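# An overview of the molecular structure
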Amino acid sequence: MVVSVSFLIYSIRHNAKYGIMESILSISHLTTGFLTDSGFLKAVDGVDFSIGRGETIGLVGESGCGKSVTALSIMRLIPSPPGRIVSGDITFEGTNLTTLSEKEMRVIRGDHISMIFQEPMTSLNPVFTIGDQIGEMFAFHRKLSKKEILEATLHLLSQVGMAAPRRVVSSYPHQLSGGQRQRVMIAMALALSPSLMIADEPTTALDVTIQAAILELLVSLKVERRMSLILITHDLGVVSEVAQRVSVMYAGQIVEESRVSDLFSEPLHPYTQGLIRSLPQTKASHNRLYTIPGAVPKLSAIPPGCRFHPRCDRVMDICRREAPGMFSPDNTRKVRCWLYG
Ligand code: SF4
């Protein structure tokens with residue numbers, strides 16, 4: 001997937017110009033779990049991270065590492081029961097979201113924080129037209145008239161690069177292609193000009209050529225509107241192209257936090273090293289692609305000590321007995337591994 005170099009330079013300069021250090025969202029000790037037949041299991045266990053205004057961070061890791069549960073916790077969309085945020089703070093623009101009522105959260109969602117889901121077909125309602133679904137947001141949050149809603153919807157669809165927006169307004173989701181549906185999802189996420197957007201695997205369900213176009217659109221709109229973006233993906237290649245910082249998740253915890261450039265030039269955690277080794281190389285090679293041995297543990301079978309130790313090629317005795325804390329080898333990086341303790 002390739003985003004143009006000039007565009008990225010523009011993005012970086014924009015961030016420098018406006019200063020991205022003011023924190024818009026800060027998460028501390030977030031723990032979210034689900035009541036199951038095997039007891040209460042923590043899908044997210046003590047997660048901390050923050051994102052600056054205008055910044056893009058990547059949240060990466062294999063499926064089942066807790067990325068989406070983290071995002072749904074921020075949106076307060078964890079189905080309850082069986083799910084529950086057990087502890088921790090989610091502070092957005094000075095307000096702790098964990099203390100808000102459902103009514104107050106409805107204002108936050110869309111108006112201030114929006115989310116793009118992986119598979120638009122399951123997020124769009126098949127029995128309503130695209131115009132109805134986008135228009136509902138303007139009607140609920142902005143109380144616009146019918147004429148104003150139509151104008152705003154057409155404008156939004158044009159902004160996300162949709163050809164023939166008038167035809168799209170009266171179309172049903174099944175009448176659009178995968179790329180068009182994802183553009184509609186982006187339009188809905190942008191409709192109320194949120195200051196933070198969470199994109200959960202926004203390009204996974206699309207073919208490769210459409211992926212690049214959607215990603216470039218997402219980042220250009222983010223820069224134009226000076227939004228912050230949390231990009232959730234299992235694809236480190238995507239993160240390398242658009243994010244400034246990365247948090248790597250494994251088995252419900254963040255195991256490495258770093259600037260993108262540092263992560264790719266010198267990954268610290270053996271899990272991160274494995275993820276980077278698994279990326280396809282541009283140099284022609286007949287070797288098989290590397291894969292990290294084993295699999296992410298089930299929540300009901302989290303190993304003692306370091307959660308990664310059954311898969312780690314640098315495992316030591318202490319790793320099997322004691323869980324490592326977060327160590328800071330320098331003031332821009334954090335890593336959860338005894339090699340740095
Ligand atoms: Fe590997 Fe030990 Fe580091 Fe865990 S703590 S990643 S097992 S070296």
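For the structure, see preceding data.
So, a few notes on the structure that sits alongside this text. All figures in this text were calculated on a predicted structure; none of them were measured in a lab.

## Observations regarding empty space enclosed by the protein
Considering all chains together, one arrives at one cavity of 30 Å³ or more under this definition. Considering only enclosed or pocket space, the largest cavity measures out at about 90 Å³ in volume. Lining the largest cavity are 14 residues, with Pro 270, Cys 306, Cys 312, Cys 319 and Cys 337 positioned closest to its centre. Of the residues that constitute the lining of the largest cavity, the class distribution is 10 nonpolar, two polar and two charged.

## Re the environment of Ser 228
For Ser 228, the position within the fold is in strand β8 (residues 228-233). Residues within four places of Ser 228 in sequence aside, it is in contact with Ile 24, Ile 51, Gly 52, Arg 53, Gly 54, Glu 55, Ser 195, Leu 196 and Met 197.

## A few points about the site of the ligand
Around the ligand, the neighbouring residues are His 269, Pro 270, Cys 306, Phe 308, His 309, Cys 312, Arg 314, Cys 319, Cys 337, Trp 338 and Leu 339. Of all the cavities here, the one that holds the ligand is the largest cavity. When the residues that make up the shell around the ligand are grouped by side-chain class, the tally is eight nonpolar, two polar and one charged.

## A word on unusual backbone geometry
Put simply, Ser 80 and Pro 81 share a cis peptide bond, and its omega is -10°. Tracing the chain through its elements places Pro 81 in the loop between α2 (67-74) and β4 (83-92). The phi dihedral of Lys 143 falls on the positive side, at around 55°, and the residue is not glycine. Lys 143 gets classed as exposed once you look at its relative accessible area, which sits at 64%. A positive phi angle is found at Arg 226, which is not glycine, with a value near 55°. Here Arg 226 lies in the loop between α9 (208-224) and β8. The class of Arg 226 is partly exposed, set by a relative accessible area of 32%.

## Some remarks on the sheet that holds strand β5 (residues 95-96)
What the four strands build is an open sheet, ordered β2-β1-β4-β5; its pairing is antiparallel. Unpaired on one side and paired on the other, β2 (39-52) and β5 mark the two borders of the sheet. Pairing analysis gives 11 bridges linking strand β1 (residues 23-36) to β2, with the strands arranged antiparallel. By the bridge assignment for β2, Leu 35 is matched with Phe 40. Sitting on the sheet, α2 is in contact with β1, β2 and β4, with an inclination near 110° to β1.

Cut-offs used in this document
- Residues numbered from 1 in each chain as written.
- Predicted model: local features only at pLDDT ≥ 70, side-chain atom pairs only at ≥ 80, totals over all residues.
- Heavy atoms only, no water.
- 1 Å grid on protein atoms, 1.4 Å probe; cavity = no way out; pocket = protein on both sides within 12 Å on 5 of 7 lines; lining within 4 Å.
- Points joined across faces, edges and corners; volume = space filled by probe spheres on them.
- Nonpolar A, V, L, I, M, F, W, Y, C, P; charged D, E, K, R; others polar.
- Helix = DSSP H or I, 4+ residues; strand = E, 2+ residues; numbered from the N terminus.
- Contact = heavy atoms within 4.5 Å.
- Near = heavy atom within 4 Å.
- Sits in = over half its atoms within 2 Å of the grid points.
- Buried < 20%, exposed > 50% of the residue type's maximum accessible area, 1.4 Å probe, protein only.
- Pairing = 2+ DSSP bridges.
- Axes fitted to C-alpha atoms, helices over the stretch in contact; angles between N-to-C directions.

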